[in-house]
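A look at the structure
As a plain string of letters, each chain reads:
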Amino acid sequence: MDMRNLRVIVLAAERKGAVNPLAARFGTSHKCLIPLHRQPLIAHVLETLLAHPKVGSIVISIEQEAIAAVRTALPLPGPDQPEISFASAADSIADSVILAAQGHHGPLLITTADNALLQPGSVDAVCSALLVHDVAVAMARREAVLAAHPEGQRRFYRFRDDRYSNCNLYGLAGNTALGAAEIFRGGGQFARNAGRIVEAFGLLNLVLLRTRLVTLSAGLGRISRRFGLSIAPVILDDGSQAIDVDNDRTYTIVHQLLELRSRPAPPPPCREAA
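A brief report on the enclosed structure follows.

In terms of regular secondary structure, the chain is built from 10 helices and 10 strands. Relative to its full complement of 274 residues, the chain shows a buried share of 50%. For the chain, long-range pairs separated by at least 24 residues make up 75% of all intrachain contacts whose partners lie at least 6 apart in sequence. As displayed, the chain has an accessible area near 13,700 Å², and 52% of this comes from carbon and sulfur atoms.

This part takes up the packing of aromatic side chains. Under the criterion given, the structure shown has 2 aromatic pairs. Measuring from centroid to centroid gives 5.3 Å for F26 and Y251, while their planes differ by 40 degrees, and the two rings are tilted. Of the two residues, F26 sits in helix α1 (residues 21-26) while Y251 sits in helix α10 (residues 248-262), which places them 225 residues apart along the sequence. For Y251, a relative accessible area of 10% gives the class buried. When the centroid spacing of 6.2 Å and the interplanar angle of 70 degrees are considered together, the rings of F159 and Y164 count as edge-to-face. Taking the relative accessible area as the measure of exposure, F159 reaches 16% and is therefore buried.

Before going further, it helps to examine the environment of I34. By the secondary structure assignment, I34 is in the loop between α1 and β2 (35-36). Given a relative accessible area of 0%, I34 falls into the buried group. Along the sequence, I34 and A23 sit 11 residues apart, while their C-alpha atoms lie 6.2 Å from each other. Beyond its immediate chain neighbours, meaning those up to four positions away, I34 contacts L22, A23, F26, T28, Q39, P40, L41, V245 and Y251.

Rules of the game
Residues numbered from 1 in each chain as written. Predicted model: local features only at pLDDT ≥ 70, side-chain atom pairs only at ≥ 80, totals over all residues. Heavy atoms only, no water. Helix = DSSP H or I, 4+ residues; strand = E, 2+ residues; numbered from the N terminus. Buried < 20%, exposed > 50% of the residue type's maximum accessible area, 1.4 Å probe, protein only. Contact = heavy atoms within 4.5 Å. Areas by Shrake-Rupley, 256 points an atom, 1.4 Å probe, with all protein chains shown as cover. Phe/Tyr/Trp six-rings, centres within 6.5 Å; stacked < 30°, edge-to-face > 60°.

Structure representation (structure tokens):
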């Protein structure tokens, strides 16, 4: 598989009929446009993607009426950097992904516009998993997330082997794996709607996951058989990858972490001459 043909889909739309509190606070139409660390929120994830050598194209999925505003907020790509285009967001995340993938026949990476702390190594880790799996799901262990910031994430999925947080980073090996986008149908709110879990994963899988009787790998293995695809977890060592901008608390935390990243590294200690 040629990973230099990677298309990244950046989900930037708002929930239909809902006003995002952060967007309202900053007077913007979309959360992806709020200012964060001297630039619009979406610019942070785009800067990482534009500089990555495996990324061949970037598609931003957003409502048609917001494209003009987002276009003005984009970082200017260099001459050898990937093209940025837009796709109209659909009523569900699943359909938005399918629309944004149209015309592409290589691997896909899916992330969100609020994933401001995304690191190149995370993209590499998911791409490596796609060499042997149909679908890759980036996760971070609770210990790693809390090490990145003790208040960075408060919700973790409990499995038999550990507690994990989702990193809003998914990989699909190609068009045949687009069936996995059905996992996100209905807005991806499976944790709040047991009926959607039953429909997607089956009653047995729901019972096992709810009672924490399986490890993360075993749980995704059951889902793999349900979809007829090889779905693998990618465990990231950098716990900051599970911290995105969801509310006022995480906005402040992400701003702090970006500030720390932007500081120059301290010089090595001087050694006294013998």
